[in-house]
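Close look at the chain arrangement
Residue strings, one per chain:
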Amino acid sequence: MSWKETYGEWTAYKELDETLKEELSACNELELEERFARNLSFGTGGLRGKLGAGTNRMNVYTVARTTRGFADYLLQMDEKPSCAIAYDSRNMSETFARLTACELAEKGVRVYLYEKLAPTPMLSYAVRYYGCSGGIVITASHNPGVYNGYKVYGPDGCQLTLDGARKVGTSMEPVSLRVVYTPLNGAGNIPVRKALKNYPDIKVLLVKEQELPDGNFPTCPYPNPETETSMELAAKLAAEKQADFFLATDPDCDRVGVGMVLEDGEKRLFTGNEIGVLLFDYICGWRNRMGRMPRHPVAVKTIVTTPMAEEIAVKYKVELRTVLTGFKFIGEQIGLLEDEKEEERFIFGFEESCGYLSGTHVRDKDGVNGALLICEMAVFYKSREKNLLQALEELYETYGYYENRLLSYEFSGVSGSEIMDEIMTYIRINNGAFPGAKVKDRTDYLMDDTGLPKSNVVSLILEDGSRIVIRPSGTEPKLKLYLMTKRRDREGAAAAVKELVTACNLWMETCGNMNHG
């Protein structure tokens, strides 16, 4: 962007400070170029420059921009960051100090602000005394009165190191996210794009062939964002435009699918479980940083959703409620909280079939809400030089590697439902006997007192910790088996789930003739 374009953005800003506006109107073109040709640079001493209007001056806008960058740096260094702030007698020092405190607090950084002007050594002392993650002094030291500055300190009470200054400078740069979106010829087109327009740093690239409503779905006969075929055009456009990731909503815009094009050109789709745990961890972390975690927070998942969520809930001290399959049961939990006038306790609900909800505004999974959350999360991780896959890998390294598979066995025809009933009866009679492994625990949601509505579902926990949930589909002539394994490394988890798939296929084959879906 040229300096003239930057200057134009400033003058077009309706809320521009009147004093700065008047100052700019008195400048000639040469002076304007000097003010807008570059940004005031951040170095080991922080910021220092003349007071006035422009990107190359000390003013409320450059101070706010710098503070947001420093806040991001502190959040990377410390899960619960804090910062001490002092200021001297220079013009605008107190204003900048109070603005800095507000910007840090908005980002979730705890602030210790001196009530009146204080020497720089007192700031260094305060950082160490309060155990702060960093410190800031608004001062230009011994420079003339037309200057002011912004000194930054580390947790040791010393001015920031070269590496620290570089990281803060990087954090100050706007994070621009490129996202390919497809509504799959459905209802999500306008609401998702309109919602994302509120984020100027997110550039949305639309799959034109799937933009407009079309009930024939000419380019995606099975418009389910969980499947590879429905995401092919989005992946192709993402590769061409070097987008950070691509996402799709299904025709009624309640599900969201997400994928990435890797460096080798391969397409990588995320499962609903993977995006679910990423969002759960992100939301909990964000609420903690911002001081917005409610007392006794509640999250909800279904019985067929990854148990990895249980470990995240323990870390953040969140009550995790597990309900029957179907988002209506998650919505029911919100209603129960609402009846007790405690709906603010609900922070997130998700299911493995790409359904997410972070608020109490509806009682069903929300594709618009999900798309926004995913993009916000991606911006957060990109500001920390990570993509979604790298963020997921960090979760696996923390909690262990989880693998989940869904097996569907079709029983069509008049006798189909009878065969499925016989299989469920056989599992119950044989106490969940599973070939090649000992069943450590069994839960029968039809016969046992689980505290949930009665449902024709059986859950098995094997001696190695693997889980199998068996249930007839409520909408298709299929018996569904949800497999969940966990191991210390990716290879072990993949091998375990592969063995489990083989064993389940053999198990089902003993129960009669069937087609594998």
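The structure presented is a predicted model; accordingly, all values stated were derived computationally and were not measured. (Residues numbered from 1 in each chain as written. Predicted model: local features only at pLDDT ≥ 70, side-chain atom pairs only at ≥ 80, totals over all residues. Heavy atoms only, no water.)

Right, let's talk about helix H16 (residues 490–509) for a bit. Relative to the 28 Å expected for 20 residues at 1.5 Å per residue, H16 spans 29 Å between its end C-alpha atoms, a close match to the ideal helical length. Taken residue by residue, H16 has Ala493, Ala496, Val497, Leu500, Ala503, Cys504, Trp507 and Met508 as its buried positions. The buried residues of H16 all sit within an arc of 130° when viewed along its axis, so they share a single face. In this structure, H16 carries Glu491, Lys498, Glu499 and Leu506 as exposed residues pointing more than 90 degrees from its buried face. In the core, the buried residues of H16 are packed alongside strand S15 (401–410), helix H15 (416–429), strand S17 (458–462), strand S18 (467–472) and strand S19 (478–487). Regarding H16, its N-cap is Asp489, as a side-chain oxygen of that residue lies 3.2 Å from the backbone nitrogen of Glu491 further along. (Helix = DSSP H or I, 4+ residues; strand = E, 2+ residues; numbered from the N terminus. Expected span 1.5 Å × (residues − 1). Buried < 20%, exposed > 50% of the residue type's maximum accessible area, 1.4 Å probe, protein only. Arc of directions from axis to C-beta. Contact = heavy atoms within 4.5 Å. Polar contact = N/O pair within 3.5 Å; in protein donor to acceptor, adjacent residues only side chain to side chain.)

Bringing the sheet that holds strand S10 (residues 267–270) into the picture now. Sheets are built from strands paired through backbone hydrogen bonds, the pairs being either parallel or antiparallel. Read from one edge of the open sheet, five strands run S7-S6-S8-S9-S10, paired in mixed fashion. On the outer flanks of this sheet lie strand S7 (202–206) and S10, each paired with one strand and no other. Direction aside, the axes of adjacent strands within the sheet are offset by 30° on average. Bridging between strand S8 (residues 245–249) and strand S9 (residues 256–261) involves four bridges; their strand directions are antiparallel. Of the residues in S9, the one forming a bridge with Leu247 is Val258. Against the sheet, helix H8 (residues 189–196) touches strand S6 (177–182), S7 and S8, its axis set at about 155° to S7. Along the sheet, helix H14 (residues 388–399) contacts S8, S9 and S10; its crossing angle with S10, the most-contacted strand, is approximately 55°. (Pairing = 2+ DSSP bridges. Axes fitted to C-alpha atoms, helices over the stretch in contact; angles between N-to-C directions.)

Let's shift gears to the sheet that holds strand S4 (residues 134–138). If you walk across this open sheet you meet the five strands as S1-S5-S4-S2-S3, and the pairing is mixed. The open sheet has two edge strands with one neighbour each: strand S1 (47–50) and strand S3 (110–113). Neighbour-to-neighbour, the strand axes of this sheet turn through a mean angle of 15°, independent of strand direction. Sheet topology note: the strand S2 (residues 82–87)/S4 ladder contains five bridges and is parallel. Residue pairing for S4: Ala86 is matched across the bridge by Val137. Against the sheet, helix H4 (residues 60–77) engages S1, S2, S4 and strand S5 (147–153), with an angle of about 5° to S5. Where helix H5 (residues 93–106) meets the sheet, its contacts fall on S2, S3, S4 and S5, and the angle it forms with S2 comes to roughly 170°.

Inspection of every chain in the model, using the stated rule, returns 13 aromatic pairs. Taking 6.0 Å as the distance between ring centres and 20° as the angle between the ring planes, the aromatic pair formed by Phe70 and Tyr73 counts as stacked. Linking Phe70 with Tyr73, this pair stays in helix H4, spanning three residues, or about one helical turn. In terms of burial, Phe70 and Tyr73 fall into one category: buried. Judged by centre distance (5.3 Å) and plane angle (25°), the rings of Tyr396 and Tyr401 are stacked. Accessibility assignment for this pair places Tyr396 and Tyr401 in one class, buried. One aromatic cluster in this structure is built from Tyr7, Trp10, Tyr13, Phe36 and Tyr61. The ring of Phe270 has Arg268 lying over it, and the distance from NZ or CZ to the ring centre is 5.0 Å. (Phe/Tyr/Trp six-rings, centres within 6.5 Å; stacked < 30°, edge-to-face > 60°. Lys NZ or Arg CZ within 6 Å of the ring centre and 35° of its normal.)

What follows is about the pairing of strand S12 (residues 319–323). Judged from the five bridges that link them, strand S11 (residues 298–302) and S12 form a sheet pairing that is parallel. Within S12, the position partnered with Val300 by the bridge is Arg321. What joins S11 to S12 is helix H11 (residues 308–316), and the crossover it makes is right-handed. (Right-handed = clockwise from strand over helix to strand, strands pointing away.)

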